[in-house]
Amino acid sequence: MARKSHTHSFSSASALTYEPDSPNPQLPVETDAQLRDRLSCLLTAAIQRQVWLFFFDERQRLIEPIMPMNDHPRDPHQLHETEDLGLATFPQVFITRARQVATMIGARSFVVVWERQGGRTLKTDDRAWARAFFEQAAAGEEPRDASDQAAMRALFLLHSTGLRQIHQRNLA
């Protein structure tokens, strides 16, 4: 299923498109329901295995860039060598990079969308990745870091028929 076509200028420097019947992208996204609705306007159904990153400003408005990434390992615990982090897992690198981009663009929070084909029921693989993302997001939210680092606001699963928010309680 194809992604919805969107065109609307968020700022004078960038543009994101949306359907005329879609929510106004300038309005804040304050609740989980509003967040799911806004993301559902942009992502309709899973096409391939990838991760999306969405950023929000201090007023909880969606800002650019919107970043899809499809080159990640099968195992969330697989280690990768990085210049700044040394040996690190993909979720550790991903959350660190998300916070770095957020700092560069002035975002206060970000949302991760895990995309894969299949139903809305969480699979073992989904749970492993979700746990790893939640653990890495929490690791960077220590009191000394909280004031200057963007927080992971939510984690979603984009499946073959839509979008589902993943809460830590879903992972027990």
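Keep in mind that what you see is a predicted model, and the values were worked out from it rather than measured. (Residues numbered from 1 in each chain as written. Predicted model: local features only at pLDDT ≥ 70, side-chain atom pairs only at ≥ 80, totals over all residues. Heavy atoms only, no water.)

Colleague: Describe the overall build of the protein chain, with residues and values.
Modeller: A count of helical and extended segments in the protein chain gives four helices and nine strands. Element order for the protein chain, N to C, with α for helix and β for strand: β-β-α-β-β-β-β-α-β-α-α-β-β. A total of 172 residues make up the protein chain; the buried ones form 44% of that total. Residue pairs at least 24 apart in sequence account for 63% of intrachain contacts in the protein chain once pairs closer than 6 positions are excluded. (Helix = DSSP H or I, 4+ residues; strand = E, 2+ residues; numbered from the N terminus. Buried < 20%, exposed > 50% of the residue type's maximum accessible area, 1.4 Å probe, protein only. Contact = heavy atoms within 4.5 Å.)

Colleague: Describe the pattern of salt bridges, with residues and values.
Modeller: Going through the model one piece at a time under the given rule, you end up with four salt bridges. The closest approach of N and O atoms between arginine 36 and aspartate 37, which form a salt bridge, is 3.4 Å. (Salt bridge = Lys/Arg side-chain N within 4 Å of Asp/Glu carboxyl O.)

Colleague: So what about the packing of aromatic side chains? Which residues, and what values?
Modeller: Taken as a whole and judged by the stated rule, the model has seven aromatic pairs. When the centroid spacing of 4.8 Å and the interplanar angle of 25 degrees are considered together, the rings of tryptophan 114 and tryptophan 129 count as stacked. Taken together, the positions of tryptophan 114 in strand 7 (residues 109-115) and tryptophan 129 in helix 3 (residues 124-139) put the pair 15 residues apart, joining distant regions of the chain. Both residues of the pair, tryptophan 114 and tryptophan 129, count as buried. These aromatic residues form a ring-pair network of at least three members: Phe90, Phe94, Trp114, Trp129 and Phe133. (Phe/Tyr/Trp six-rings, centres within 6.5 Å; stacked < 30°, edge-to-face > 60°.)

Colleague: I'd like a rundown of the confidence of the model for the protein chain, residues and numbers included.
Modeller: Of all residues in the protein chain, 82% attain a pLDDT of 70 or more, and the chain-wide mean is 86. This model gives residues 1-17 a pLDDT under 50, and the stretch forms 53 contacts once residues within four places in sequence are excluded. (pLDDT = per-residue confidence, 0-100.)

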